[in-house]
Amino acid sequence: TLDAQTDQIIEAEINGLSDAYQHQGLRGLADTVVDCNASTRTAGTANGFSFTGASVPGLLAAVARAIEAWRDPPLWRELQRNGMARDWGWSTAARRYAQLYRSLRPGDA
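These figures come from a predicted structure and were not determined experimentally. (Residues numbered from 1 in each chain as written. Predicted model: local features only at pLDDT ≥ 70, side-chain atom pairs only at ≥ 80, totals over all residues. Heavy atoms only, no water.)

## Looking at the nonpolar core
Note that soluble globular proteins tend to have their nonpolar side chains buried in a common cluster.
So, point 1. Of all hydrophobic cores here, the largest spans eight residues; its members are Cys36, Ala46, Phe49, Ala66, Ala69, Leu75, Trp76 and Leu79.
So, point 2. Of all elements in the fold, only α3 (56–70) and α4 (73–85) reach the threshold of two or more residues within this core.
So, point 3. Discounting residues that sit within four places of it in the chain, Leu75 has contacts with Cys36, Arg41 and Ala69. (Core = buried A, V, L, I, M, F, W, Y, C linked by side-chain atoms within 4.5 Å. Buried < 20%, exposed > 50% of the residue type's maximum accessible area, 1.4 Å probe, protein only. Helix = DSSP H or I, 4+ residues; strand = E, 2+ residues; numbered from the N terminus. Contact = heavy atoms within 4.5 Å.)

Structure below.
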C-alpha cells in the first residue's frame, strides 16, 4: 500500500537518505536535499526528492519518484551513499556562517 511505501521512505531518512520535501525558494532543506534527476545522478550529488509549489500533484509525483527509486536497489543505495558522504556537522555550517558574517562587516568586504 501507499502507506507502507511511504513508511519505507521515511525510514530511509533515518538510514541516510534525505527526505522528499517541498522547495519554496527558501534555504534550509534546499541546501540539504539534492533532487534525484539525470544531471544530479551523473554529478554524484543526488540524495533525495523535491518538488516545487504546495500542491498535492507535486507531492505525489515526488513520492512516486521516491518509490520508483526504492524499487531499484542500486539506485537507492547510490542515494543513501551520496547522502551519507556529505559533512552534515555543525562545525562546517558554523564556519560558513562565521565567514558570511565577517564578509558583511563594514570594512571587511
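## So, a nonpolar patch on the surface
So, point 1. Taken together, the side chains of Tyr97, Leu100, Tyr101 and Leu104 present a nonpolar region at the surface, about 460 Å² in accessible area.
So, point 2. Tracing the backbone shows Leu104 in helix α5 (residues 90–104). (Patch = residues over 30% accessible without salt bridge, like charges linked within 9 Å, V, L, I, M, F, W, Y side chains within 5 Å. Areas by Shrake-Rupley, 256 points an atom, 1.4 Å probe, with all protein chains shown as cover. Salt bridge = Lys/Arg side-chain N within 4 Å of Asp/Glu carboxyl O.)

## Notes on the confidence of the model for the chain
So, point 1. Here the chain shows a mean pLDDT of 77. Residues at 70 or above account for 71%.
So, point 2. Of the regions scoring below 50 in pLDDT, residues 1–15 engages in 14 contacts with residues more than four places distant in sequence or in other chains. (pLDDT = per-residue confidence, 0-100.)

## Considerations on the packing of α3 against α4
So, point 1. Relative to each other, α3 and α4 sit at 110°, their axes nearing to 6 Å. Overall, the two elements α3 and α4 adopt an arrangement that is roughly perpendicular. Residues Ala66, Ala69 and Trp70 of α3 form the contact with α4, whose participating residues are Pro73, Leu75, Trp76 and Leu79.
So, point 2. Taken together, the residues of the contact of α3 with α4 sort by class into seven nonpolar, no polar and no charged. (Axes fitted to C-alpha atoms, helices over the stretch in contact; angles between N-to-C directions. Parallel < 35°, antiparallel > 145°, perpendicular 65-115°, else oblique. Nonpolar A, V, L, I, M, F, W, Y, C, P; charged D, E, K, R; others polar.)

## A word on the pattern of salt bridges
One side chain can pair with another of opposite charge once the charged atoms of both are near each other.
So, point 1. According to the stated counting rule, one finds two salt bridges in the structure shown.
So, point 2. A salt bridge links Asp35 to Arg65; the nearest nitrogen and oxygen atoms lie 2.8 Å apart. Taken together, the residues span a long stretch of sequence, with Asp35 in the loop between β1 (20–23) and α2 (38–43) and Arg65 in helix α3 at a distance of 30 residues.
So, point 3. Among the residues examined, Arg65 registers a relative accessible area of 29% and is labelled partly exposed.
So, point 4. Arg41 is the partner of Glu78 in a salt bridge, and the nearest nitrogen-oxygen pair spans 2.9 Å. You can see Glu78 sitting in helix α4 and its partner Arg41 sitting in helix α2, a full 37 residues away along the chain.
So, point 5. The buried category is assigned to Glu78, whose relative accessible area is 18%.

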